[in-house]
Amino acid sequence: MSTPAPLSLAPASLVLVDGSSYLYRAFHALPPLSNSRGEPTGAVLGVLNMLLKFMREQQPQRIAVVLDAPGRTFRDDLFAEYKAHRVPMPDDLRSQIEPLLVILRALGLPLIRIEGVEADDVIGTLACRAARAGYQVLISTGDKDMAQLVDGSITLINTMSNTVLDREGVKTKFDVYPEQIADYLALVGDNIDNIPGIPKVGPKTAAKWLGRYGTLDQLVAHAGEVEGKVGENLRAGLTTLELSRKLATLHTDLDLPLSIDDLRPTPPDTSALRALYTRYELRSLLRQLEDSSTSAASASGTLPLTAVGSGTTNAPALAEAGSAALEESTPAAGAVPAEMAPLPNVQGRYEVVQAWQDLERWLDRLQGAELLCFDLACTSLDYMHAEIVGVSFCIEPEVAAYVPLTHRYAGAPQQLERSRVLSALQPLLEDPARAKLGHHLKHDAHVLARYGIALAGMRYDTMLESYVLNSVATRHDLESTVARYLGLTIARLEDVAGRGARQLSFDQVPVERAAEFLAQTTDATLRLHRRLWTELEHLPQLRRLYVEVEEPLLPVLLHMERRGVLIDRERLHAQGRQITTELAALLARACAEAGCDFNVDSPRQLQSILFEKLQLPVLRKTPTGQPSTAEDVLEELAANFALPRIVLEYRALAKLKSTYTDKLPEQVNPRTGRVHTSYHQAVAQTGRLSSSDPNLQNIPIRTAEGRRIRQAFIAPPGYVLLAADYSQIELRIMAHLSGDEGLLQAFVDDRDVHQTTAAEIFGVELGNVSADQRRLAKIINFGLIYGMSAFGLARQIGIERGAAQQYVERYFARYPGVKRFMDATRTRARDEGFVETVFGRRLYLPDIRSRNRALQQYAERSAINAPMQGTAADIIKRAMVAVDAWCERAGAPAHLIMQVHDELVLEVREDAIEEVTGVVRERMAGAAQLQVPLRIDIGVGANWDEAH
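The present account deals with the structure reproduced in this document. Computed from a predicted structure; not experimentally measured.

1. Re the overall build of the protein chain
When you go through the protein chain residue by residue, the secondary structure sums to 37 helices and 22 strands. The burial tally for the protein chain puts 55% of its 948 residues in the buried class. Partitioning the intrachain contacts of the protein chain with sequence separation of at least 6 by distance along the chain shows that 70% fall at a separation of at least 24. As displayed, the protein chain has an accessible area near 39,800 Å², and 49% of this comes from carbon and sulfur atoms.

Here it is in structure tokens:
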């Protein structure tokens, strides 16, 4: 399906915390508190109390705490007297900053301090960047300057007053709209920051002027019309007014060394928090920390797991969940020295197996167990290179063992021979009738395959059980799921191996420590499975989804990843060299067009050339008042001017080179000559698969350059690539779910739905629909079924809002069943808190009843989006299972090698193209029985591009 990317995004919301605002408010709101050493602690306690309460309420999946860095900023360069009136930070407050930063890091919160800019500008940049990417952003602040950021995707919340500001809220509070806030602040000025403003102009006057003239520029143009003393003050202050606006305007285009995906919190370091709370005598926070551990232990009877070891398969699970955190500015934790604090004491009958007779005893127990829970300790997260260091088992709660095999540090004890142990385990591991349990079993199956063991019976995977039960309740790494469903805090890999550049390979971790860690992992996994499976048993549709879709898909992904995709590295290198030549030519053309040499990659130099030297029209300005050189601005200018066209072409080629032609050859495995990606089942909330290292699902297809990249994905000698793609699957699912007669009939008659929609909306005969009308109808078809408003549609296709509203009304008049379905889905989502796919997959919508209107509207759009995206995900997964079952027969002439959105790619023997085409079409079409037929487009070629 070719839905425009912005319409199909369904990312989690982002929370940005104005840490500097929190710090000052806490310092002045609380009495001067200190510990027994006389060290002030009131601001630390206040910030943490506010922040922890806010996080409990919001449960953010992405968050950043942003604070001012010490030193000058660009505003000091603009105006030497900037903030000259501000009282210096009190020593009692300054001394609390470093302890607060250390505690925030121990809490696992991404923490940002950027020198040379203010925290407000960092927040503005992150918020605008995230909003453009489709996120709903919530900023926690008490700073009025932030109001200029508010739009349909960005909302402010003041936790002190418990007020929320959306667009209308800003208008109510300040009597101007968000886009007028910078002009408003320029007029009113700011005594604290020493922004001049206009003397005697207060909020009411500023709002009245902007209400009449709209913008500061228009007010200045009509300054002569303003009467009285205040008019004289305005005219007298015109010389400093632009400076005031620059000082008040947030910079939202900073070049930050991080991405939105870097803003995921990591599990808190409870040991470090305990030590810090004790050190600074934050007794209430220490009590909360200890109470949570105690209640977790008592809630589970004999389970005193305050810090269960998470095991080495936890780290792949973190990758599966897309976990990422900012690099801390403090030195990374080092390797695990002998004096490193021990893991919390955990009661359990955990055994280190170092003698053969002890292993034989355990083998007998494993033979009699109904369920074998196991975990591997490995040297690497890369399944193509990982070496087995040890293996742990658990057959009942508190009964677990660890078998060390290849720990290689000075003084390491004698260990059993790895090959002999694996040979003894092989019959158990390869027995399909013996159910296996693990967390992220696919990684262990890959590693075992490198040792000649074909893991079978992969019946239960707690990562997938958590994902099927509730995809949005938590991340699905072991730490997060154990915390949510068992109420326990467990240790992480870095707790035993260190982290960062000094992290130990697991074969360097002391055996006793590794044994405690791994045995606890399997123990926790077994306990987690019992809890999750009990819940799934009470939800038969979700249990069936796990049994019929997610569990059987696991070996399919294993086969695909193991086989990999053949890459023509020389073609990629040649493309890279060709692009380098083209970039040089484009650079020469750009300089010739400009009449001088300049750096095309420099926005400032480009801005100077375009708008000062060449005097091109300024279509839009940045928040700082500078002419914008954003891509959409250049695209509009490119219609009439040569240099913007050249710059756009240069940018596209440069990105292609850095992202694909340079990087893909480095990801080819030297042993296989193929790229081995990792497919993730438990990341996308709607059930769709994702891939990484490399991300094969993000290679462009609609550009000539992107198609050239796909030409480097090739078939081996004697084979071809076959690409099979579901056509317009989400529109077909909408027809099925809505039951709209017009939409159903269009698909039953195999009509061009976009052409049909265009004919209805634009009032022309079917045969007279132009290509441009069909393109617009396609945007409307996909946009409206995802809840796009008339305002969004107008912006998307570049028309007036009134005309877009007419299109919306005509669309729903033509397809009334779609409108009824959308209204009913929103109502059901509000009543039940979730929506479902055709196959029963649930997407919970925690913000559907939010008091924050922006969050609620986003949840409502997701309620419409999710059943279609989720059903499409279920269908392609079912198809993969069916196709792979045929391909994995002995002597089969085809192998499944890639899944990309709604497309499957296979390597097919040249003499079996017709047979495989028929099988693939039949099995993909049979993956679901909808009210409309599923159409599969199939192509064949020597490379991926030719197969389309």
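2. Overview of the pairing of strand β20 (residues 894-900)
Sheet faces and side chains relate simply in a regular strand, where the side chains alternate between the two faces. Counting buried positions along β20 yields 7 of 7 residues, so the element is predominantly enclosed. Turn length for the β20-strand β21 (residues 903-909) hairpin, with the two strands adjacent in sequence and antiparallel, is 2 residues, and the turn residue His-901 shows positive phi of about 60 degrees.

3. Here we look at unusual backbone geometry
A cis amide bond links Asp-693 to the next residue, Pro-694, at an omega of -5 degrees. Residue Glu-398 is not a glycine yet carries a positive backbone phi of 75 degrees. Positive phi, normally seen in glycine, also occurs at Asp-750, with a value near 60 degrees. By secondary structure assignment, the location of Asp-750 is in the loop between α30 (741-748) and α31 (753-762).

4. Structural notes on the pattern of salt bridges
The tally for this structure, following the rule as stated, stands at 39 salt bridges. Between Arg-674 and Glu-907 there is a salt bridge, with its nearest N and O atoms 2.9 Å apart. You can see Arg-674 sitting in strand β14 (residues 674-675) and its partner Glu-907 sitting in strand β21, a full 233 residues away along the chain. Classification of Glu-907 as buried rests on a relative accessible area of 2%. Across the salt bridge formed by Arg-688 and Glu-730, the nearest N and O atoms sit 2.8 Å from each other. In this pair, Arg-688 sits in the loop between β15 (678-680) and β16 (690-692) while Glu-730 sits in helix α29 (residues 729-738), placing the two residues 42 residues apart along the sequence. We note that Arg-688, like Glu-730, is buried.

5. A short note on the pairing of strand β17 (residues 719-726)
Of all 8 residues making up β17, 6 are buried, and the element is well covered by its neighbours. By the bridge criterion, 7 bridges tie β17 to β21 in an arrangement that is antiparallel. Each residue of the ladder has a partner; that of Val-720, found in β21, is Val-908. Summarising the sheet, β17 and strand β22 (residues 936-941) pair through 6 bridges and their orientation is antiparallel. The partner of Leu-722 across the bridge, within β22, is Val-940.

6. Considering the packing of aromatic side chains
Scanning all chains against the criterion turns up 10 aromatic pairs. When the ring of Tyr-460 is compared with that of Trp-533, the centres are 5.0 Å apart and the planes differ by 75 degrees; the resulting orientation is edge-to-face. Of the two residues, Tyr-460 sits in strand β12 (residues 460-461) while Trp-533 sits in helix α22 (residues 511-537), which places them 73 residues apart along the sequence. Comparing Tyr-460 with Trp-533, the two get one shared label, buried. Note on Tyr-811 and Phe-812: the rings are 5.5 Å apart at their centroids and 80 degrees apart in plane angle, and the pair reads as edge-to-face. In terms of burial, Tyr-811 and Phe-812 fall into one category: buried. Of the aromatic side chains, those joined through ring pairs into one cluster are Tyr-460, Trp-533 and Tyr-546. The ring centre of Trp-944 lies 3.9 Å from the NZ or CZ of Arg-710, which sits over that ring.

7. Comments concerning helix α12 (residues 238-248)
Turning to α12, its buried residues number three or more, namely Leu-241, Ser-244, Arg-245, Leu-247 and Ala-248. Projected down its long axis, α12 carries its buried residues within an arc of 160 degrees, all on one side.

8. Some points on the sheet that holds β17
Strands sit in the order β20-β21-β17-β22 across an open sheet of 4 strands; the sheet is antiparallel. Either end of the sheet is taken by a strand with one partner, and the two such strands are β20 and β22. Taking the axes of each pair of neighbouring strands and ignoring which way they run, one obtains an average angle of 20 degrees across the sheet. Taken strand by strand, helix α23 (residues 540-563) contacts β20 and β21, and its axis lies near 95 degrees from that of β20. Against the sheet, helix α36 (residues 853-887) contacts β17, β20 and β21, and its axis sits at roughly 165 degrees relative to β20.

9. Focus: the environment of Arg-349
One can find Arg-349 in strand β7 (residues 349-352). Under the relative-accessibility criterion, Arg-349 is labelled exposed at 55%. Residues in contact with Arg-349, not counting those within four places in the same chain, are Glu-396, Glu-398, Val-399 and Ala-400.

10. Some words on the environment of Asp-183
On the secondary structure map, Asp-183 appears in helix α8 (residues 181-188). Distance in space between the C-alpha atoms of Asp-183 and Ala-206 is 8.6 Å, their sequence separation being 23 residues. If we ignore the near neighbours within four places in the chain, the residues touching Asp-183 are Leu-210, Thr-215, Leu-216 and Arg-245.

11. Some details on the side chain of Arg-708
By the element assignment, Arg-708 lies in helix α28 (residues 704-710). The buried charged residue Arg-708 lacks any salt bridge partner; its closest oppositely charged side chain belongs to Glu-582, at an N-O distance of 4.3 Å. Contact partners of Arg-708, with chain neighbours within four places excluded, come to Gln-575, Gln-578, Ile-579 and Glu-582.

12. Focus on the nonpolar core
Counting residues in hydrophobic clusters, the biggest one holds 181 residues, and the most contacted among them are Phe-713, Tyr-726, Ile-875, Leu-906 and Met-924. Filtering out sequence-adjacent residues up to four positions away, Phe-713 remains in contact with Val-565, Leu-566, Ile-567, Leu-664, Leu-696, Ile-699, Leu-721, Met-898, Asn-943 and Trp-944. Within the second largest apolar cluster, 54 residues are counted, among which are Ala-127, Leu-149, Trp-209 and Leu-210.

13. A short note on the packing of α22 against α23
As a packed pair, α22 and α23 sit with axes 6 Å apart at the nearest point and diverge in direction by 120 degrees. Within the contact between the two elements, α22 uses Trp-533, Leu-536 and Glu-537 and α23 uses Pro-540, Leu-542, Arg-543, Tyr-546 and Val-547. Here the contact of α22 with α23 is composed, by residue class, of 6 nonpolar, no polar and 2 charged.

14. Things to note about α8
With 7 of 8 residues buried, α8 is to be regarded as a mostly interior element. As for α8, its buried residues are in contact with α7 (167-174), α9 (203-213), α10 (216-221), α11 (228-236) and α12. Taken from the residues just after α8, Gly-189 is the one with a positive phi, measuring 75 degrees.

The rules behind these values
- Residues numbered from 1 in each chain as written.
- Predicted model: local features only at pLDDT ≥ 70, side-chain atom pairs only at ≥ 80, totals over all residues.
- Heavy atoms only, no water.
- Helix = DSSP H or I, 4+ residues; strand = E, 2+ residues; numbered from the N terminus.
- Buried < 20%, exposed > 50% of the residue type's maximum accessible area, 1.4 Å probe, protein only.
- Contact = heavy atoms within 4.5 Å.
- Areas by Shrake-Rupley, 256 points an atom, 1.4 Å probe, with all protein chains shown as cover.
- Pairing = 2+ DSSP bridges.
- Salt bridge = Lys/Arg side-chain N within 4 Å of Asp/Glu carboxyl O.
- Phe/Tyr/Trp six-rings, centres within 6.5 Å; stacked < 30°, edge-to-face > 60°.
- Lys NZ or Arg CZ within 6 Å of the ring centre and 35° of its normal.
- Arc of directions from axis to C-beta.
- Axes fitted to C-alpha atoms, helices over the stretch in contact; angles between N-to-C directions.
- Lys, Arg positive; Asp, Glu negative; His and termini not counted.
- Core = buried A, V, L, I, M, F, W, Y, C linked by side-chain atoms within 4.5 Å.
- Nonpolar A, V, L, I, M, F, W, Y, C, P; charged D, E, K, R; others polar.

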